[in-house]
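Per-entry structural report
Chain by chain, the residues run as shown.
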Amino acid sequence: MGFLAVCVFAVCCSCSCGLSGENEPVQTFVIPHSHMDVGWVYTVQESLHAYAANVYSSVTEELSKAKDRRFIAVEQEFFRLWWDTVSTDSHKRQVRELVKEGRLEFILGGQVMHDEAVTDLEDEILQMTEGHGFLYETFGVRPQFSWHVDPFGASATTPVLFALAGFNAHLVSRVDYDLKDTMQKKKKLQFVWRGSPSLKGKQEIFTHIMDQFSYCTPAHLPFSNSSGFYWNGVALFPDPPKDGVYPNMSLPVTKKTLRAYAQTMVDNIKQRAAWFRTNHVLWPWGCDKQFYNSSVQFSNMDPLMKYINQNSKEFGVTVQYASLSEYFQAIHHSNLVWELRGSEDFLPYSTEPYQAWTGFYASRNVLKGVARQASSQLHAAETLFTRYRISFPDGPVAKDWALDKLRALRWAVSEVQHHDGITGTESPKVADMYLRHLTQATMKVEELLAALILLPHNLDITSVLNNRYHRRGVHQTLEQHVIVYNPLAWNVTTVINVTVSFLNAAVFDEDGQTVPAQIQRSAQSNVTYDLFVVVELGGLQHRKYLIKFPDKPCTGRSKCGRTYGAEGVSFERRRVRDWTRTGRRLLPVLSECYKLMFDQDTNLLHSITYLEEKSRVRVTQDFWEYHANGDVKAGPISDNYMFSTNGSAARAYQAVEMEIVPGKIVSEVRQYFFRDESDKDYAYSITTRVPECFGTGARCRRLEQTYSLGPLHLNTEVVLRTATALKNNRTLYTDDNGYQMMKRPYRKFTNNTVARNYFPMVRTAYIEDEHSRLALVSDRAHGASSQASGQLEVMLHRRLWNNLPWNRGYNLTLNDTSVVRPTLWMMLGSVSGTSAHYQREAVELQHRPVIMPIDQPQRPWQEKEPRGSSPVRPVVLPPNLHLLSLSIPGWNYSSDHDVHLAHVHAGKDLHSEPDYDRVLLRIMHLFEEGEDPELSKPVTINLKEVLRGIGEVKVLQERSLTGTWDVASLQRWKWKTADKTENKGRGRCGDEAFTVTISPKEIRTFFVHFASKDF
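Here we look at the pairing of strand 42 (residues 919–925)
The element strand 42 is extensively covered by neighbouring structure, given that seven of its seven residues are classed as buried. Of the two faces of strand 42, both are covered, the one formed by Val919, Leu921, Ile923 and His925 as well as the one formed by Leu920, Arg922 and Met924. When strand 41 (residues 881–887) meets strand 42, the two strands line up antiparallel, connected through six bridges. For Ser887, the partnering residue across the bridge sits in strand 42 and is Leu920. Inspection of the sheet shows strand 42 paired to strand 46 (residues 1003–1010) by six bridges, in the antiparallel sense. Considered in strand 46, the bridge of Leu921 is made with Phe1006.

Some details on the state of the cysteines
This structure, assessed with the given rule, holds two disulfides. Here Cys216 is linked by a disulfide to Cys287, with a sulfur-sulfur distance of 1.9 Å. Here the disulfide of Cys216 and Cys287 is right-handed, its torsion about the S-S bond being about 60 degrees. Taken as a pair, Cys216 in the loop between strand 6 (205–209) and helix 7 (258–273) and Cys287 in the loop between strand 7 (280–285) and helix 8 (294–310) lie far apart in primary sequence, 71 residues in all. In this structure Cys216 comes out as buried when scored by relative accessible area, which is 6%.

Describing the sheet that holds strand 16 (residues 517–521)
Pairing is mixed in the open sheet, where four strands are placed in the order 14-17-16-19. Single-partner strands in this sheet number two, and they are strand 14 (492–500) and strand 19 (563–565). Across this sheet, the average inter-strand angle for adjacent strands is 25 degrees, counted without regard to direction. With five bridges joining them, strand 16 and strand 17 (residues 529–537) adopt antiparallel strand pairing. The residue bridging Ile519 from the neighbouring strand is Leu531, located in strand 17.

Points about the confidence of the model for the protein
Mean pLDDT over the protein stands at 92; residues scoring 70 or higher make up 92%. Throughout residues 457–471 the model reports pLDDT below 50, and contacts reaching past four residues in sequence, or to other chains, amount to 38 contacts.

Side note on the environment of Pro691
For Pro691, the position within the fold is in strand 28 (residues 684–691). Looking at Pro691, the relative accessible area reads 0%, which means it is buried. The spacing of Pro691 and Ser591 is 100 residues in sequence and 6.7 Å in space, taken between C-alpha atoms.

Some details on the side chain of His148
For His148, the position within the fold is in the loop between helix 4 (121–139) and helix 5 (157–164). Polar contacts involving the side chain of His148 include one to the side chain of Glu116, which spans 2.7 Å. In this view, His148 contacts Leu108, Met113, His114, Glu116, Thr158, Phe162, His170, Leu171, Val172 and Ser173; residues no more than four positions away in its chain are not counted.

Cut-offs used in this document
Residues numbered from 1 in each chain as written. Predicted model: local features only at pLDDT ≥ 70, side-chain atom pairs only at ≥ 80, totals over all residues. Heavy atoms only, no water. Buried < 20%, exposed > 50% of the residue type's maximum accessible area, 1.4 Å probe, protein only. Helix = DSSP H or I, 4+ residues; strand = E, 2+ residues; numbered from the N terminus. Pairing = 2+ DSSP bridges. Disulfide = S-S within 2.5 Å. Axes fitted to C-alpha atoms, helices over the stretch in contact; angles between N-to-C directions. pLDDT = per-residue confidence, 0-100. Contact = heavy atoms within 4.5 Å. Polar contact = N/O pair within 3.5 Å; in protein donor to acceptor, adjacent residues only side chain to side chain.

Here it is, written out as structure tokens:
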């Protein structure tokens, strides 16, 4: 997005510029760049046509004209689209030469510049892997520096991931305005960041925070009304001008303007130099949508830089075109001792006292949910295709067809991680673009999932058609077949929900045995029913279930097997104004883990008792809303980005109805909240499913809640408020990107205290005191806060409009009229008890079993001969390890870097045939050091044994996070710090080359080759 903060350009007249020597000139690294949003206001195709393609075409041509010119390319989606659809053979040859010489440098290298607040680490890793794989396969280069200049705040997870990917330095920009001001004055904008408290120095990284001017060249010229240093002007949409004349082109550099330009640039350089410890200044030359006419850019900057260097003694400054690596090399060679920063992040982010960028944590809830669902579907398809390729290398599912579908969804999921994508800060047409790309690619992957399961097994379509026949003349009930796949490398016993159209149903497994089930009227529809089925699945296993629909009511076990028909009990509507005496009539809802008490005087939750510890906690849940101002003349506003409320939240309803559906598999409590007492339709709802225990007792530890909200009234922001008796002193814990938990103490501010105490919740948020913890895990990102002791509120939905010309001009007012249905799972218990479970619960919510009905209800088929089931062997990891990735990337490069470089420089076409034999494996330790007495211990596993259910592992090679480095050859820069602690390396592969020890919070990445199967 555009650089919104208004920076006042103050001329620095003193020479206290942090020089390392009295007479040394300030060495300035002028870094040409173009910030190209993969979305935001315009769609990808609109931007590619209007300016993005011209950036790479013109930059390529201009860099080739002069050896000293440089350019950094950041987001890969636009570059790849240009490379594949626009660039000529001449362009490609020039780019290869420029990259080889280091004059065109790929920085960051992901598909997008991902957001850091509301993205999940699995998706961050995916989009980095996609971009890095393309760059390494095509050019043999591996990005080693980040350029995270526009995400709205900085997560402590990001530096860890970049370090794991082999980066030597990390660059960010958007941190709190008051904090940045303090860091500038104290020359503390550069430090060594240890983002993980468990990994500590093992994955530390040097970090540079941009000064107050951020990533854009100062636009103010004291001698002109035009913007400065943007000689190509402002990009035009929808079409570039035919005459090449753009709006707001800066005054050209001439004899008349040369001196004034030079003085302006030098003054700005010296001002910046005063904020850093060395005499090296990073001077970003560019901004949003720049360098689409690189000729006019360089033809003006060339003489300006020449003039400054010719007069360097007078100015005290030298300037040079530079890549980002050249700047960081100079800093590294300064040999200074740098301050250490621990695992604190830079969230939330504010640009002014009333501009807290905490609203986007909840903007476009539907998009956030679809993006996460697509990611989960991709993970399931990747694991299943990998298993299929190893088991059936010549099977009927064409490998190129399958990989094309996977790549399309990888691209779509990567694309939406952009910092103006999943954040919900884009225009409506761009949000529609993301949703269209995600849904279309997801549908294709659903086709792939069906093919992978049906074609090679006894359940194949041919077998179904050939081995069965209808029994004529016999009246029979309808039946339907459902496949359920577990995408996790854990054995799970859980309950799935299949929506059916019939009131009576019986469920059978592959051996013809009845399965425990429960059927009831759907909470969301009057014409469908929820069929809850208990399923037992091994890690990465799928099973088939048969559902029979008797046409008469079930009267005995023979007709409906072990299916229980549950019926609801309704409670009359209770008006808020009648809540004078409450807590007199409490109704219990029980499971083996919890006793929930509901108050019949209010129809609200009253308390929860965690039975194992006999601990009772007062808990209520309901909806509240913040009212936003839409008139800029009346005060601060809320918009896509920012949250600014007129005051405290108000109750969002006036009456509540309740229905309880007691069951044997799950008991369900349905609460309906009405804006007005007499409203016919509810505005909000909470559906709480209280599961019974099956197999292990883990399932009943969670209370599964789904909410319905919307359409909202205009300029309201609705929160789910869970109020408890916990004495948490308004301290909250939320996760950074699903990787680690961050402590969020409540802070008071002169202005906007409510909004500045909101934090991103990607997977988890909890509050606790010395006795108990209440934790929520989520299926998508939200904003979370603790505005009063014992409260945990989650912002679920926003609908806003304002009259700020900038917002209206770009259609960024967030008039979101959608109905949203997010899911949270709630856990309550002791701190130690919940610590052992919430991480795994968060992963299980993200990767729920995939349910695939393979036919419609129809007359049953008669088997010609019995078919026994032959389930595949499960793949199971210990409970504290999570299978992050198991995929076939398809990138065709040698694992030997020297061999691959030889192929690249020889011009070998590596794109023609993907590599279908190399498997990418990632495993993550879920726990922090000291979090749990057992689960926080390092875990030693033999990967050959773990993966035996897939095939025989022949080769195992450890790689960097995105796969482009062999860790044995990866030597990241070491930066001097005051901490003399020696950083121990990671647990290496042990005996027989297949035994690995994984320590707390480690993410280990491997290339795996399996033995080929002969049939």
